[in-house]
Amino acid sequence: MSQVQHLLETHPHWPAVNAIYHKLQAAGYKAFLAGGCVRDALLGITANDLDVATNATPDQIEALFEKTVNVGKVFGVMRVIIGDADIEVATFRTDGDYKDGRRPDHVEFSSPEEDAKRRDFTVNALFYDLVAKKVLDYVDGEKDLKIKLIRTVGDAERRFKEDHLRLLRAARFVAQLDFSLDSATQTAIGAMASLVNTVSGERLRDEMGKLLKAKAASKGLRVMQETGLLKELFAFRLSDNSWQPRGPTKETWHFLSLFMRKASREELEKAVALLRLSVKEQRAILKSWELWQNPSAFLQKRRGEQLQALTDPGVLFALQVLLSEGTQSASIQNILDDWESWGAELPKPYLNGEDLKGKLSGKSIGVCLAEAFNEQLERRLDSREKALAWLQGYLQKEQHG
Ligand code: ATP
Ligand code: MG
């Protein structure tokens, strides 16, 4: 068995794909795997998803399988659900004109060769015929895989003009695959970089997230710098585009916050708005940025306040990054250990507003409760009884002084 076939058959979605292709085959249709999964199998990597391409139309796919989801019938894209697996089954198609720089006005169902030609890069345009068990290559994609090259299918300028997202996808695939960029492709991106500004924030975020998480992220960022994409989107990185992610990076916002670490507040705010981040992500990124601006200000705070700040994932992340860099390690480790010893969450306060009824009013209620909570977090109060006794003393002091 070939390495490709072996990789495909050990993929978690293989049982579903196997069932799908047998059914397509029995009904007289073609059944290919297409795009990223063929590329990855040829590279010896397990793909994220296995995507099927066929000459059956969406209506025929719908009729053939028990459970389907119409994700874009007019564009020829269906999903077939088999057990836990949800497999994209798309009809070979040719894209019509692109008027909005995003997607075709209409598509026409067509042949595998035409379908390969509408795809973005040659290495993404390969098929694997599941019946004949062989790779189909209409665009010299296998050659480019061997020489590790990202190259557009067909004329680069035309392909980027059709869909502006492809400008950034080129840099993303350079980063993910650790490939180089074909020089004509690079020149075209350079000439058209400003069109990246029309791409939606969600798509920019997804592509940037994938790029920054990639093994050759620095290489992808260099492509962005050389082509002007960086200047268009994140000009604040032009002076220093070095990239060494640190700390417990996992989520996209972790990577983005490190990416924006050296931005000014204004640049940071502009970038998070551009990428359409959720309110939670925006807040976490801002919190980590603020802490990095002035770590000592945070380290000088009283422990109770530090622990309360740690409820924001951005503060926790910023401290973990500083720790991994060896900055103020002892103090930071101490704070993080303390936070862990609370079970990484704040305890319920011993005192509440009810306890102060008739005793304090207005602003002084909040001040008193905050003080009591800090005392609790700093472990000078370890029970409600002690907190109530502390309150007596506090109120006496308030009255007399
Ligand atoms: P990943 O591993 O990130 O999923 P992928 O190659 O599967 O990589 P997808 O974005 O999932 O990338 O797209 C699947 C396939 O669809 C691509 O391999 C490519 O052939 C085609 N494709 C996706 N986006 C575009 C686009 N904007 N223009 C042209 N073809 C595209
Ligand atoms: Mg994919």
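As a reminder, the structure under discussion sits directly above these lines.
Student: In this structure, what is going on with the site of ligand 1? I would like to understand it.
Tutor: With respect to spatial proximity, 14 residues lie near ligand 1, and among them Arg39, Asn124, Asp163, Arg166 and Arg172 are the closest. With respect to ligand 1, the side chain of arginine 169 contributes an N or O atom lying 2.9 Å from an oxygen atom. Between ligand 1 and arginine 172 there is a distance of 2.7 Å, counted from an oxygen atom to a side-chain nitrogen or oxygen. Elements with a contribution of two residues or more to the shell around ligand 1: helix 3 (36-43) and helix 8 (165-177). Considering each element in turn, the shell around ligand 1 owes the most residues, 4 residues, to helix 8. Here the residues of the shell around ligand 1 are counted per class, giving 1 nonpolar, 4 polar and 9 charged. No fewer than three residues from each of domain 1 (1-143) and domain 2 (148-243) sit in the shell around ligand 1.

Student: Just checking my understanding: could you explain helix 9 (residues 183-192) for this structure?
Tutor: Those residues of helix 9 not exposed but buried are Thr185, Ala188, Ile189 and Met192. End-on view of helix 9: buried residues confined to an arc of 100°, all on one side of the axis. In this structure, helix 9 carries Ser183, Thr187 and Ala191 as exposed residues pointing more than 90 degrees from its buried face. On its buried face, helix 9 sits against strand 10 (149-150), helix 7 (156-162), helix 8, strand 11 (180-181), helix 11 (217-227) and helix 12 (229-233).

Student: Mind showing me how you'd approach the packing of helix 20 (residues 363-377) against helix 21 (residues 384-400) here?
Tutor: Helix packing for two helices is described by the angle between their axes and how far apart those axes are. It is at 11 Å that the axes of helix 20 and helix 21 come closest, and there the two elements cross at 135°. Overall, the two elements helix 20 and helix 21 adopt an arrangement that is oblique. Crossing angle aside, the handedness with which helix 20 passes helix 21 is right-handed. Between helix 20 and helix 21, the contacting residues are Val367, Cys368, Glu371, Ala372 and Glu375 on the first element and Trp390, Leu391 and Tyr394 on the second. Residues of the contact of helix 20 with helix 21, tallied by class, amount to 6 nonpolar, no polar and 2 charged.

Student: What's the story with the pairing of strand 3 (residues 68-72) in this structure? I'm lost.
Tutor: Put simply, side chains in a regular strand alternate between the two faces of the sheet. In terms of strand pairing, strand 3 meets strand 4 (residues 77-82) through 4 bridges, oriented antiparallel. Within strand 4, the position partnered with asparagine 70 by the bridge is methionine 78.

Student: Just checking my understanding: could you explain the sheet that holds strand 8 (residues 127-129) for this structure?
Tutor: Across a sheet, paired strands are connected by hydrogen bonds in the backbone, their directions being either parallel or antiparallel. Spatial ordering of the open sheet is given by 3-4-5-2-1-8-9, a layout of 7 strands whose pairing is mixed. Since the sheet does not close on itself, it has two edges, and those belong to strand 3 and strand 9 (134-136), each with one partner. Geometrically, the sheet is characterised by an average inter-axis angle of 35° between neighbouring strands, direction not taken into account. Helix 2 (residues 14-26) rests against strand 1 (32-34), strand 2 (52-54), strand 4 and strand 5 (85-91) of the sheet, and its axis sits at about 35° to strand 5. Helix 3 rests against strand 1, strand 8 and strand 9 of the sheet, and its axis sits at about 85° to strand 1.

About the thresholds
- Residues numbered from 1 in each chain as written.
- Chains lettered and ligands numbered in written order.
- Predicted model: local features only at pLDDT ≥ 70, side-chain atom pairs only at ≥ 80, totals over all residues.
- Heavy atoms only, no water.
- Near = heavy atom within 4 Å.
- Polar contact = N/O pair within 3.5 Å; in protein donor to acceptor, adjacent residues only side chain to side chain.
- Helix = DSSP H or I, 4+ residues; strand = E, 2+ residues; numbered from the N terminus.
- Nonpolar A, V, L, I, M, F, W, Y, C, P; charged D, E, K, R; others polar.
- Domains from an automatic or database assignment.
- Buried < 20%, exposed > 50% of the residue type's maximum accessible area, 1.4 Å probe, protein only.
- Arc of directions from axis to C-beta.
- Contact = heavy atoms within 4.5 Å.
- Axes fitted to C-alpha atoms, helices over the stretch in contact; angles between N-to-C directions.
- Parallel < 35°, antiparallel > 145°, perpendicular 65-115°, else oblique.
- Left-handed = near helix turned anticlockwise from the far one by under 90°.
- Pairing = 2+ DSSP bridges.

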